[in-house]
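Descriptive analysis of the structure
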Amino acid sequence: MSAVLDTHGHADHGYHPGGIMRWITTTNHKDIGTLYLWFSFIMFMVGGVMALVIRLELFSPGLQWVDPDFFNQMTTMHGLIMVFGAIMPAFVGFANWLIPMMIGAPDMAFARMNNWSFWILPFAAALLVISFFTPGGAPGVGWTMYAPLTVQMGMGMDLTIFAVHLLGMSSIMGSINIITTILNLRAPGMGLMRMPLFCWTWLITAYLLVATMPVLAGAVTMTLTDRHFGTTFFNAAGGGDPVLYQHIFWFFGHPEVYIIALPAFGVVSQVIPAFARKPLFGYASMVSATAGIAILSFIVWAHHMYTVGMPVAGQLFFMYATALIAVPTGVKVFNWVATMWKGSLSFETPMLFAVGFLFLFTLGGFTGLVLSLAAVDIQLHDTYYVVAHFHYVMAIGAVFAGYAGVYFWLPKWTGRMYDEALGKWHFWLSVIFINITFFVQHFAGLAGMPRRIPDYPMMFEVWNKISSVGAFGFGISQLLFLYIIVSAIRSGEKAPDKPWEGADSLEWTHLPTPAPRHSFHTPPVLK
Amino acid sequence: MAEAAHPAAERARDNRRVLTRLSVVAALMFGFGFALVPFYEKVCLALGVNSLVERSEQAANTQVDTSRSVTIELDANAHQLPWRFRPLTRHLSVHPGELVHVEYEIANVRSAAVTGHAVPSYGPALAGQYFRKLECFCFKPQTLAAGETRTMPVTFLIDPALPREVHTITLSYTFFEVAGLGGKS
Ligand code: HEM
Ligand SMILES: [Cu+2]
């Protein structure tokens, strides 16, 4: 083994404990990537069951299944778990698996820290679960954790605050690792502008995380001291201001939505060229559009707060800044479409999910543009129109990109092919049911149905029935995904070295399939 | 040094340098979150928004606009406080620019002194900036002895710049208990 490796914290050379200890002590980026991906899938199931509890209650007007307090706990935990437990770790899993291979590095820069970043997560998840069993239950404050309600909740709130601290620490450590790996460990000849776009989107995402997760940590810390140590940051009685909380939260919160979206963009930017058998159109403009989105994301936060009584000048500023983000996003969508233009396209499952992403993310982008208009948003704020909007971009956009990525790289990871016919079934069931779930919510919202309510007037009944049917259909379809993956791992056909003709990044061109446990001990030679 | 015999050691050092820098950024951003608190206050002060409990200066132009009148509705709440709190007038009609005096009655029904602070809010919210309070019990915390009942004034005028389409303004006060000032029993 080369001397290069042992000096950057690569502790597992010659030491391969078996069973569970292998996973607990591992510092191998591929193992850690696998851990992240399975963790996020489990969280996706947990958050999904919570969504189904919500949809079950909303199947008919009136209160039938759960009491309103528990309903609120379900929305809160569903949001927190999906955002911090399912989507973010999933893309960190992709980053761990892929970035070292894509840039020709032997592992992540800080292998031991990488292990810690992952193993913090189960503890955070456990805190969230324990909060259900405290007096008063889990907090029912919404995933945004707005004051002043958070100042009044029971001790479940404290556990949630600590969980957010842990999740933030994990993300920051993971991001530092990713940035250092990309900046310092690229193989000779792998210039920054030669990296696959996935690496670029993660580099920028990691910077966003380092800049914004600490702000969220600050916001929840203030909530904690308001609750227990007599400070009054947000407590009106002592001169605090709940609106201040919203400003701080959304200063984190808007970049956060790009933290979710950018890695999804990265995955799609690898998948579409591979199945169009053409290089990505406008690579340099893709990089600058990603950076542009990231920078703009810091000056639009108050579009979540049009109704708090901002001066008109403030509303206008945030409205124009928000609408401006449509420009770099439009550049991206244009480039994806242009990549497919006159390509020799084929539609295997990863490509189906990528194209599904393209359509549905763009639809969510359009409703976002509608909501960016202050005058319109004052009508639609906190209605189901918003729920539909952010599920199109986050729940459908990010999840579909994630599925595209899993199907795309599964052969590389496991050396096995999934069942293509079942994969297509998974796609079509998902795309149909998810649209049944969320498309009708636009209408419910336009007609005035508020979000976060367990009961509603009769007039919204039809839309809610349709939406609930879709949600259960979508939920059940995801069991098919689990089946496809497990049976591929167990008994899938052996994958060829390069199952996708058009794939051209290093993990496909310079490494065998499945990827060996240690890759690029000696950096690859790039022309 | 560039051609060092230990490229690996050098790389480890480079990695640590990036780690240190990014950790500093993260720490600074944690501080930035807290820095937003005074920053927010300054911005609100500079823009004149959110100044609900400050005394307004005597309006320079006290011309009374008799061409229209505005209905003022008064509302009072005590938030988890053992106080009976009510306006002595429920609603009244005023001309913009006219100096108006109203009174509220507060009764402490607990057998201990309690300190509370009232926070006003307005409906429609935009009317707040035209509501000039010259005297108000909300300017500072109020302490009521056990069983005490007190009548407290609010003196205000409506800025004649109030948009013409506003015909009714609701002024709603909520009293919050101030902890730590001998309020908690
Ligand atoms: C795919 C199946 C999903 C279904 C059926 C579903 C359904 C729902 C429902 C019914 C609500 C409550 C809306 C309200 O009352 O305001 C909700 C809220 C939410 N969902 Fe999902 N969801 C799904 C996936 C996701 C995913 C993947 C994410 C990931 C980012 C996500 C993020 C959120 C957030 C942030 C909220 C807001 C929570 C709050 O109001 O505090 N959802 N979802
Ligand atoms: Cu936003």
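Residues numbered from 1 in each chain as written. Chains lettered and ligands numbered in written order. Predicted model: local features only at pLDDT ≥ 70, side-chain atom pairs only at ≥ 80, totals over all residues. Heavy atoms only, no water.

1. Brief notes about the coordination of the iron atom of ligand 1
Residues and elements named next belong to chain A. H78 (NE2) and H391 (NE2) make up the full set of protein donors to the iron atom of ligand 1, lying at 2.0 Å. Given 6 donor atoms and angles of 87 to 179 degrees at the metal, the environment of the iron atom of ligand 1 is assigned as octahedral. With H78 in helix 4 (residues 68-103) and H391 in helix 14 (residues 384-414), this residue pair connects regions lying 313 residues apart in the sequence. Of the two residues examined, H78 and H391, each falls in the buried class. (Donors = N, O, S within 2.8 Å, 3.2 Å for Na, K, Ca; no water. Tetrahedral: all angles 85-135°; square planar, octahedral: opposite > 155°, others 65-115°. Helix = DSSP H or I, 4+ residues; strand = E, 2+ residues; numbered from the N terminus. Buried < 20%, exposed > 50% of the residue type's maximum accessible area, 1.4 Å probe, protein only.)

2. Some thoughts on the sheet that holds strand 5 (residues 114-123) of chain B
All names here are of chain B. Strands sit in the order 3-1-9-5-7 across an open sheet of 5 strands; the sheet is mixed. Two strands bound the open sheet, and with one partner strand each, they are strand 3 (91-94) and strand 7 (142-144). When the angles between neighbouring strand axes are averaged without regard to direction, this sheet yields 30 degrees. In this structure, strand 5 lies alongside strand 7, joined through 3 bridges in antiparallel fashion. (Pairing = 2+ DSSP bridges. Axes fitted to C-alpha atoms, helices over the stretch in contact; angles between N-to-C directions.)

3. Details of the coordination of the copper ion (ligand 2)
Residue and element names in this part refer to chain A. Distances from the copper ion (ligand 2) to its protein donors, H254 (ND1), H303 (NE2) and H304 (NE2), fall at 1.7 to 2.0 Å. All donor residues of the copper ion (ligand 2) come from one chain, and their arrangement in sequence is H-x48-H-H. Residue H254 is located in helix 9 (residues 242-276), and its partner H304 is located in the loop between helix 10 (283-296) and helix 11 (312-340); the two are separated by 50 residues in the primary sequence. On the basis of relative accessible area, H254 is assigned to the buried category, the value being 6%.

4. Details of the interface of chain A and chain B
Counting from both sides, the interface comprises 32 residues of chain A and, opposite them, 28 residues of chain B. Where chain A meets chain B, there are 0 salt bridges. Here chain A is connected to chain B by 3 residue pairs in polar contact (both at pLDDT 80 or more). Contributions of two or more residues to the side of chain A that touches chain B are made by helix 7 (155-184), helix 8 (197-228) and helix 9 of chain A. Here the side of chain A that touches chain B gets 9 residues from one element, more than from any other, and that element is helix 8 of chain A. (Contact = heavy atoms within 4.5 Å. Salt bridge = Lys/Arg side-chain N within 4 Å of Asp/Glu carboxyl O. Polar contact = N/O pair within 3.5 Å; in protein donor to acceptor, adjacent residues only side chain to side chain.)

5. Some remarks on the state of the cysteines
Residue and element names in this part refer to chain B. Evaluated as defined, the whole model comprises 1 disulfide over all chains. Put simply, C136 and C138 are joined by a disulfide, and their sulfur atoms are 2.3 Å apart. Handedness of the C136-C138 disulfide follows from its S-S torsion of about 135 degrees: it is right-handed. For C136, a relative accessible area of 5% translates into the label buried. The thiol sulfur of C44 is not disulfide-bonded, and the nearest other cysteine sulfur, from C138, lies at 17 Å. (Disulfide = S-S within 2.5 Å.)

6. What about the sheet that holds strand 4 (residues 100-108) of chain B?
Paired through their backbone hydrogen bonds, the strands of a sheet run either parallel or antiparallel. Residue and element names in this part refer to chain B. Reading across from one edge, 2-4-8-6 is the order of the 4 strands in this open sheet, with antiparallel pairing throughout. The strands lining the two open edges of the sheet, one partner per strand, are strand 2 (83-87) and strand 6 (131-136). Mean inter-strand twist for the sheet, computed between neighbouring axes without regard to direction, equals 25 degrees. Pairing analysis gives 5 bridges linking strand 6 to strand 8 (residues 149-158), with the strands arranged antiparallel.

7. Concerning the pattern of salt bridges
Applying the stated rule across the entire model yields 13 salt bridges over all chains. Here R277 of chain A makes a salt bridge to E501 of chain A, at a shortest N to O gap of 2.7 Å. Linking R277 of chain A in the loop between helix 9 and helix 10 with E501 of chain A in the loop between helix 16 (461-491) and helix 17 (506-509), this pair joins segments that are 224 residues apart in sequence. In this structure R277 of chain A comes out as partly exposed when scored by relative accessible area, which is 29%. Residue R86 of chain B pairs with E105 of chain B through a salt bridge whose shortest N-O separation is 3.5 Å. In this pair, R86 of chain B sits in strand 2 while E105 of chain B sits in strand 4, placing the two residues 19 residues apart along the sequence.

8. Side note on the domain arrangement of chain B
Per the domain assignment, the segments of chain B are domain 1 (2-56) and domain 2 (70-177). Taking the mean C-alpha position of each, domain 1 of chain B and domain 2 of chain B sit 41 Å from one another. (Domains from an automatic or database assignment.)

9. Some points on the packing of helix 15 (residues 420-446) of chain A against helix 16 of chain A
Residues and elements named next belong to chain A. With their axes 8 Å apart at the nearest point, helix 15 and helix 16 run at an angle of 155 degrees to one another. As judged from the angle between their axes, helix 15 and helix 16 are roughly antiparallel. Helix 16 is crossed by helix 15, and the crossing has left-handed handedness. Taken together, the residues that form the contact of helix 15 with helix 16 break down as 18 nonpolar, 10 polar and no charged. (Parallel < 35°, antiparallel > 145°, perpendicular 65-115°, else oblique. Left-handed = near helix turned anticlockwise from the far one by under 90°. Nonpolar A, V, L, I, M, F, W, Y, C, P; charged D, E, K, R; others polar.)

10. With respect to helix 4 of chain A
Residues and elements named next belong to chain A. Relative to the 52 Å expected for 36 residues at 1.5 Å per residue, helix 4 spans 50 Å between its end C-alpha atoms, a close match to the ideal helical length. Along helix 4, the sharpest kink reaches roughly 35 degrees, centred on M82. Most of helix 4 sits out of view: 32 of its 36 residues are buried. At the C-terminal side of helix 4, G104 shows a positive phi close to 75 degrees. (Expected span 1.5 Å × (residues − 1). Bend = angle between axes of the 7 residues up to and from the residue.)

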